[in-house]
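A structural walkthrough
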Amino acid sequence: MTVWIPEGAALRGQPDRKHYPILPGMVRNLYDNKEEISFGSWEGNPLDSFAGFITAVGAEDLSFIGEGTIDGGADKGDWWVNPKVKRTAWRPNLVFLNSCRRVRFQGLHTGNSACWCFHPYYSDDLSFTDITITNPANSPNTDGFDPESCRNVRLLGATISVGDDCIALKSGKLYMAREHHRPTEQVEIRNCRLEFGHGSVTIGSEIAGGVKDVHVSKCLFIRTDRGIRVKTRRGRGDCSVLTGLTFENIKMDGVKMPMTVNMFYCCDPDGHSFYVQDQGAKPVSEMTPVIGTITMRDIEVTGAEAAFITAYGLPESPIELIDAENISVSFNPYAEPVKPLMMDNFPEFARKGLFLKNVKDVQLKNLTLVGSSDNEPDVENVAQLKTENVLFK
């Protein structure tokens, strides 16, 4: 089926939640009462949620195209009031694609979503081209594009400005990773303008199923809090392997924290527990996540504030590799100290070059940092640090 929304036409969502049916988080197959089927999802768990303004379940060969508008209408209702309080069911996405194949969105203007704007879920072969996603900067949890446990996803030529992460790649929390394990993989993000929001491209934190083979290139990151943002924590589990993350040919302007890698992310009800936040080494177990390889090439940063890279791995599970090459960074000389990582007991930084802790291998080549308060990388428990032509000016 192809839905054509021409220029000047708009689909507008009703602001009253009574108009939205509820998708059960999980049901059992009536024939054997064993097989589980997830319909609703909320922040990585199978929980009862209002159906998205556009919802597709099990659809194949579906296209939404045109130059018109899909408007969720959340600004006309009370969806953004007490957003973390469940009222009948959890807030809906603007577009929710559950177990779909070969879906295309092209050319459309979207926004005013009650929660995440685009949420593909356990779906394959997805193409999003030349779309615009706009939510107010103060709208809570209104991520732009959040594929969860999906395969072969392309986002090309998008413009995104939202109230949370512009893009967040996810693969659920522990239950879904254990019972319905599926990583997010084969993701291409190219020629996108990501402006405002908490993070430009985020991996996590509901990433218990893992993510691999992500390629982000030829993008503009403009005035987001963070540029490249990788976040996980103890409790995501040993299926949470994040590797093969490549970022190249990117310009960042006014991004306070161009790259953060945080294995002590403090959200969730137990996010501030001693188990999650203890900075001492714990035994490696089935609850221990892994961050593998992160590669950055040909990146230009202007107006950085806190630090260029802040990376903090687990002492029992260090980050395997951070490889950065051909990068220029200039700092905002008027930057005020801010806390780059959402974790307990972490200091504020201003104009710090590189902070690297609990990393196995760091490769730095052809880096120039202008206006940094440091004159060398700040490293601790880094097994191998190789630098070539790294200049602090």
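We now turn to the structure provided with this report. None of the values given here were measured: they were computed from a predicted structure.

Reading guide: rules and limits
Residues numbered from 1 in each chain as written. Predicted model: local features only at pLDDT ≥ 70, side-chain atom pairs only at ≥ 80, totals over all residues. Heavy atoms only, no water. Helix = DSSP H or I, 4+ residues; strand = E, 2+ residues; numbered from the N terminus. Buried < 20%, exposed > 50% of the residue type's maximum accessible area, 1.4 Å probe, protein only. Contact = heavy atoms within 4.5 Å. Areas by Shrake-Rupley, 256 points an atom, 1.4 Å probe, with all protein chains shown as cover. Lys, Arg positive; Asp, Glu negative; His and termini not counted. Charge placed at Lys NZ, Arg CZ, Asp CG, Glu CD. Salt bridge = Lys/Arg side-chain N within 4 Å of Asp/Glu carboxyl O. 1 Å grid on protein atoms, 1.4 Å probe; cavity = no way out; pocket = protein on both sides within 12 Å on 5 of 7 lines; lining within 4 Å. Points joined across faces, edges and corners; volume = space filled by probe spheres on them. Nonpolar A, V, L, I, M, F, W, Y, C, P; charged D, E, K, R; others polar. Pairing = 2+ DSSP bridges.

A few words now on the overall build of the chain. Scanning the chain from terminus to terminus reveals 2 helices and 31 strands. Its C-alpha atoms give the chain principal-axis dimensions of roughly 60 × 50 × 35 Å. Taking all 393 residues of the chain together, the buried fraction comes to 56%. Here the analysis covers contacts within the chain between residues at least 6 apart in sequence; of these, 75% occur between residues at least 24 apart. If you sum the accessible surface of the chain, you get close to 15,500 Å²; carbon and sulfur atoms cover 49% of it. Taking the average location of the 42 positive side-chain charges in the chain and that of its 51 negative ones, the two points are 1 Å from each other.

The final tally for this structure, using the stated rule, is 32 salt bridges. Where Asp-165 meets Arg-229, a salt bridge forms, and the shortest distance between an N and an O atom there is 3.1 Å. Residue Asp-165 is found in the loop between strand E17 (159-161) and strand E18 (167-169), and its partner Arg-229 is found in strand E23 (residues 226-231); the two are separated by 64 residues along the sequence. By relative accessible area, which is 4% here, Arg-229 ends up buried. Measuring nitrogen to oxygen at the nearest pair gives 3.5 Å for the salt bridge that ties Lys-231 to Asp-165.

Put simply, the largest pocket is a space of about 420 Å³. The wall of the largest pocket is formed by 25 residues, among which Glu-43, Lys-84, Glu-206, Tyr-265 and Cys-267 lie closest to the centre. For the lining of the largest pocket, the class distribution of residues is 8 nonpolar, 4 polar and 13 charged. What the second largest pocket holds in volume is close to 200 Å³. Taken together, Glu-35, Glu-36, Ile-37, Ser-38, Phe-39, Val-57, Asn-98, Ser-99, Tyr-121, Tyr-122, Met-176 and His-180 form the lining of the second largest pocket. Broken down by element, the residue count for the lining of the second largest pocket peaks at 3 residues, all from strand E5 (residues 36-38). Its residues assigned to classes, the lining of the second largest pocket comprises 6 nonpolar, 4 polar and 2 charged.

Cis geometry marks the peptide bond from Gly-204 to Ser-205; its omega dihedral reads 5 degrees. Note that Ser-205 resides in the loop between strand E21 (199-203) and strand E22 (211-222). A positive phi angle, close to 55 degrees, is found at Arg-351, a residue other than glycine. Among the secondary structure elements, Arg-351 is positioned in the loop between strand E29 (319-331) and strand E30 (352-370). Judged by relative accessible area, Arg-351 falls into the partly exposed class, the value being 23%.

Moving on: the pairing of strand E19 (residues 184-190). Two strands pair when backbone bridges link them, and strand E16 (residues 151-156) and E19 are joined in this way by 5 bridges, in the parallel orientation. Of the residues in E19, the one forming a bridge with Val-153 is Val-187. One ladder, built from 6 bridges, connects E19 with E22; its direction is parallel. Bridge pairing in E22 places Glu-185 opposite Lys-212.

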